[in-house]
Structure formats: structure tokens, C-alpha cells
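Coordinates in review
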Amino acid sequence: MQKDKYYRMIESPDMLDYGVYLQCDKLLDCQKAIKDLATADEMQFQIIHQVEELWMKLICFTLVDILDYMENQSHHRVITLFSRVHKLQRMMVDQLDVLETMSPKEYQQIRLQLGNGSGQESPGFRMLLKMPNDLWAHFTQYYLENGKYSIESIYDDEYIHDHKYAVAEALIEFDEQLQLFRWRHMFLIHRSIGLGSASLKGRPVDLLQKGAAKRFFPELWDIRCAMTDKWSVEYGKVRPSISGKSNT
Ligand code: HEM
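What this report covers is the structure whose coordinates are included nearby. (Residues numbered from 1 in each chain as written. Predicted model: local features only at pLDDT ≥ 70, side-chain atom pairs only at ≥ 80, totals over all residues. Heavy atoms only, no water.)

Moving on to the nonpolar core. If you look at the biggest cluster of nonpolar residues, it comprises 46 residues, and the most contacted ones within it are Leu63, Leu135 and Phe139. Among the secondary structure elements, those contributing two or more residues to this core are helix H4 (41-71), helix H5 (75-95), helix H6 (104-111), helix H7 (123-142), helix H8 (151-157), helix H9 (163-192) and helix H11 (218-235). Per-element accounting of this core gives the leading share, 10 residues, to H9. What Leu135 contacts, discounting residues up to four positions off in sequence, is Leu63, Ile66, Leu67, Met70, Phe82, Leu171, Phe174 and Phe217. By size, the runner-up hydrophobic cluster in this structure holds six residues, among which are Met186, Val205, Leu208 and Ala212. (Core = buried A, V, L, I, M, F, W, Y, C linked by side-chain atoms within 4.5 Å. Buried < 20%, exposed > 50% of the residue type's maximum accessible area, 1.4 Å probe, protein only. Helix = DSSP H or I, 4+ residues; strand = E, 2+ residues; numbered from the N terminus. Contact = heavy atoms within 4.5 Å.)

Set out below in C-alpha cells:
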């Protein structure tokens, strides 16, 4: 088989209008040349990381628009754009799956190529981590109207499933997806280098578990517990069985 012939076509395809508009020449040049790959799996390793960076660029760009629409009280836009962000986040989680087709042995070879680089330095993720503060500040100012409404009133006392509730739910979905990414990523590490191993920046297990446990909008999680506790006070923790049979 003439692998070189195929590789030339993959790396330097003809650029028609479509390719010119999308700058495919630059895009396809962002990966290591095939001849320089440490192992065939390095191609997918680079591409998955690059694609994830692109999704995070789009997520952050969209969140900036969301902040603007929150200020302008364009609720439908806020909801629609959050839905885009959530879909992108889900894709980010799903795409980690592809890297689990890489063997631990092959990853050892790829690690040698990374210098001292680590996911902690991901520009997209670092930017993403800056966004929740501003989102919460905007929500407090434009939806809770600086104290006029509370999370409790939106979810419980004055619950009417209005735009304030819908935006709060969009925020908690964003938070949940960020946490899911971190948990999913931990399993990827379990599969490839082992979570307890020493990584390029030391033992990752503590750092990653701490990150994965972080809730960005704790008030939105806590209201659920508060409502359930309140319910228990009103109705009791143990209620009469509806089957008439004991489960002890
Ligand atoms: C086999 C593939 C991967 C391995 C073995 C791996 C390994 C690691 C390790 C060990 C850390 C902890 C930091 C350190 O000690 O260096 C880390 C952090 C991180 N990695 Fe990965 N990673 C992989 C794939 C990915 C991918 C595809 C992404 C996509 C964005 C990514 C994004 C991150 C981020 C954002 C962090 C910081 C985590 C946080 O703040 O919670 N990693 N990675």
C-alpha cells in the first residue's frame, strides 16, 4: 500500500471555495506532520485536544453574548444561547470517549512529546473557569434584582416557573455539565495513566477530585436540599407505607 500517497492527500488537499473560506489549509497544518508523529495515536490525541479548545472558544464567546442579553433582559435569547452552550458542553464530555481507544502503552510515548504541558494550562478551560463569577453577578443583578427576589422565592415560596426560574435552571445545567466534564476526564485518566500516578505536575488525584467536587453556583444546589428538609419537617421523614408492607 502506498501510505505516503494517501498521507499527501490528507495533509495537502485541493482547496476549493469551501476550504478557502474555512481556512482548511491552516487548520490541517495545526497538527504534527504525519512523518513526525511519535505513534499513530498522537494524531487523535492532538486533534481531540484541539477540537475541545475550539468548543471552549465557542462556549466562552457564547457566554459573553449571554451576559449581554442578560443585561438587556432578552430572556428568550439567554435561554436559546444557554441551550447551545449545554449542547457544546455535552459534546465536550462525549468526545473524551475517543481517547479511550488509545492504549496506555501508546500514551506513554505521547507523554514524551508534551514537555511540561498539562491540561491545567488549557487556555480554553482557564477562560471557562473565569465565566461563572460574572454569570452569577449578572443573574443576581438582573434576575434577582439585587435582593428583590431570592432563590427561595423563585424555586419555592413564589414559584411560577417564570423567566427567572428558567435562567436559574440554565445556570445549574451549565454548572452540572462543567462538573460532568471533570468527572468524565478523571475516568479518562484512570484508563490511560492511572489516577494515583505521579503526573507532569505531581499527583493529580487530589487536584482533580477537588476540582470535580466544585459547584459553581452553590445556592442553586442548596435550594433543593432546603426544600426537601422543609418538606420533611412538614410531612415527616417516615410516612405510612402505601403497600401496607414493611421494607425492614
Ligand atoms: C489521555 C488523555 C488525557 C490525560 C492522560 C490527561 C491527564 C491529565 C492530568 C494528569 C491532569 C492533572 C494536571 C496534572 O497533574 O498535570 C489533567 C488536567 C486537565 N486536563 Fe487532561 N488529560 C487528558 C485529556 C484531556 C483532554 C482531551 C482535555 C480536553 C480539554 C483535557 C483537559 C484538562 C483540563 C482542563 C485539566 C485541568 C483540570 C481541572 O482544572 O479540573 N485533558 N489532565
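Applying the stated rule across the entire model yields one cavity of 30 Å³ or more. Computed from the structure, the largest cavity encloses a volume of approximately 40 Å³. Of all elements in the fold, only H5, H7 and H9 reach the threshold of two or more residues within the lining of the largest cavity. (1 Å grid on protein atoms, 1.4 Å probe; cavity = no way out; pocket = protein on both sides within 12 Å on 5 of 7 lines; lining within 4 Å. Points joined across faces, edges and corners; volume = space filled by probe spheres on them.)

With that settled, the discussion passes to the layout of surface pockets. Its volume calculated, the largest pocket comes out at about 1500 Å³. Lining the largest pocket we find 50 residues, and of these His49, Ser118, Gly119, Gln120 and His185 sit closest to its centre. Elements with a minimum of two residues in the lining of the largest pocket: H4, H6, H7, H9 and helix H10 (204-212). Ranked by the residues each element gives to the lining of the largest pocket, the list is headed by H4, at eight residues. Class assignment for the residues of the lining of the largest pocket results in 24 nonpolar, 14 polar and 12 charged. (Nonpolar A, V, L, I, M, F, W, Y, C, P; charged D, E, K, R; others polar.)

Moving on, we come to the pattern of salt bridges. Pairing between side chains of opposite charge can happen when the charged atoms of each approach one another. If you walk through the whole model with that rule in mind, you get 12 salt bridges. Close ionic contact of Glu173 with Arg90 constitutes a salt bridge, the shortest N to O distance being 2.8 Å. Residue Glu173 is located in helix H9, and its partner Arg90 is located in helix H5; the two are separated by 83 residues in the primary sequence. For Arg90, a relative accessible area of 37% translates into the label partly exposed. The shortest N-O distance in the salt bridge between Lys148 and Glu145 comes to 3.7 Å. Among the residues examined, Glu145 registers a relative accessible area of 36% and is labelled partly exposed. One salt-bridge network, in which partners are shared between bridges, spans Asp97, Glu100, Arg184 and Arg191. (Salt bridge = Lys/Arg side-chain N within 4 Å of Asp/Glu carboxyl O.)

Taking 1.5 Å of rise per residue, the 21 residues of H5 would be expected to cover 30 Å, and the 30 Å separating its terminal C-alpha atoms lies within 8% of that figure. Within the sequence span of H5, burial applies to His75, Val78, Leu81, Phe82, Val85, His86, Leu88, Gln89, Met92, Val93 and Gln95. Against the buried residues of H5 lie H4, H7 and H9. (Expected span 1.5 Å × (residues − 1).)

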